[in-house]
Amino acid sequence: DQQVKQNSPSLSVQEGRISILNCDYTNSMFDYFLWYKKYPAEGPTFLISISSIKDKNEDGRFTVFLNKSAKHLSLHIVPSQPGDSAVYFCAVAGNTGNQFYFGTGTSLTVIP
Amino acid sequence: DGGITQSPKYLFRKEGQNVTLSCEQNLNHDAMYWYRQDPGQGLRLIYYSQIVNDFQKGDIAEGYSVSREKKESFPLTVTSAQKNPTAFYLCASSFDRIGNQPQHFGDGTRLSIL
């Protein structure tokens with residue numbers, strides 16, 4: 001059972017435009033939602049997170065939106081830059097035990 | 001520089017052999033994790049440890065074993081019971097096990113069967 005789904009395996013965007021990466025989850029009990037970025041041959045690095053009590057969190061060019069009723073999470077990158085080209089994983093977490101699940105990733109390519 | 005070190009970067013195993021993947025962190029984190037990544041799939045949790053001398057099974061623990069004798073170290077042994085061990089293995093750590101604590105990852109070990 002996949003707790004987290006990223007239905008778009010890849011996305012291409014022109015430099016300067018907005019990139020929107022999407023993530024759907026199944027369990028309404030999750031409390032925290034995170035995005036990680038991964039370059040080839042490296043481990044993922046934490047990008048931005050949001051708790052279930054909020055619906056938006058911004059950090060520079062990165063904004064995460066949470067729609068709890070739809071169980072949907074999105075990451076907006078604006079403006080997109082070629083250095084943003086990477087695989088992006090969403091992750092969901094509860095407060096206890098081993099409730100931590102990653103999506104399958106979306107490979108973003110920003111075209112100069 | 002604080003971080004997580006995984007070694008080796010590439011590892012080859014003969015059928016029927018056990019192999020141990022190393023993971024060391026100097027971030028003073030209590031919690032540590034092992035994940036497995038297969039092509040087209042997300043990261044799946046193998047084992048995690050919230051504190052020294054304690055560890056819990058994740059979703060795919062069969063065929064794997066771990067130990068946590070020191071705070072800094074969380075080695076993973078892939079045993080001969082793991083029938084499909086070829087994968088990319090990632091170790092991570094976080095301040096604690098609460099979900100809002102971001103995990104810091106090593107650069108991974110790619111294990112292949114000869």
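Bear in mind the structure is a predicted one, so any value in this text is a computation, not a measurement.

About the criteria used
Residues numbered from 1 in each chain as written. Chains lettered and ligands numbered in written order. Predicted model: local features only at pLDDT ≥ 70, side-chain atom pairs only at ≥ 80, totals over all residues. Heavy atoms only, no water. Disulfide = S-S within 2.5 Å. Helix = DSSP H or I, 4+ residues; strand = E, 2+ residues; numbered from the N terminus. Buried < 20%, exposed > 50% of the residue type's maximum accessible area, 1.4 Å probe, protein only. Polar contact = N/O pair within 3.5 Å; in protein donor to acceptor, adjacent residues only side chain to side chain. Contact = heavy atoms within 4.5 Å. Salt bridge = Lys/Arg side-chain N within 4 Å of Asp/Glu carboxyl O. Buried area = accessible area lost by both parts, 1.4 Å probe. Nonpolar A, V, L, I, M, F, W, Y, C, P; charged D, E, K, R; others polar.

Right, let's talk about the state of the cysteines for a bit. All names here are of chain A. Inspection of every chain in the model, using the stated rule, returns two disulfides over all chains. A disulfide bridge connects Cys-23 with Cys-90, and the sulfur atoms are separated by 1.9 Å. Residues Cys-23 and Cys-90 share a disulfide whose torsion about the S-S bond is about 65°; that sign makes it right-handed. Of this pair, Cys-23 sits in strand β3 (residues 19-25) while Cys-90 sits in strand β9 (residues 86-93); the two residues are 67 residues apart in sequence, bridging distant segments of the chain. Comparing Cys-23 with Cys-90 shows no difference in burial state: the two are buried.

What follows covers the side chain of Ser93(B). Residue and element names in this part refer to chain B. Structurally, the position occupied by Ser-93 is in strand β9 (residues 87-94). Among the residues examined, Ser-93 registers a relative accessible area of 0% and is labelled buried. A distance of 2.7 Å separates polar atoms of two side chains, one belonging to Ser-93 and the other to His-29. With residues up to four places along the chain from it excluded, the contact list for Ser-93 reads Ile-4, Gln-25, Leu-27, His-29, Ala-31, Met-32, Tyr-33, Pro-102, Gln-103 and His-104.

Let us now look at the pattern of salt bridges. Residue and element names in this part refer to chain B. One pass over the full model with this rule turns up five salt bridges over all chains. We note a salt bridge from Arg-36 to Asp-38, for which the minimum N-O separation is 2.8 Å. Arg-36 gets classed as buried once you look at its relative accessible area, which sits at 4%.

Taken together, the 21 residues of chain A in the interface contact 23 residues of chain B. Buried area between chain A and chain B, both sides added, is near 1,700 Å², and the carbon and sulfur share of it is 58%. Scanning the region where chain A abuts chain B turns up zero salt bridges. On the surface where chain A and chain B come into contact, there are four residue pairs in polar contact (both at pLDDT 80 or more). Elements with a minimum of two residues in the side of chain A that touches chain B: β4 (32-38), β9 and β10 (100-102) of chain A. Looking at which element gives the most residues to the side of chain A that touches chain B, the answer is β4(A), with four residues. Across the side of chain A that touches chain B, the residue classes break down as eleven nonpolar, eight polar and two charged.

By themselves these figures say nothing about function.
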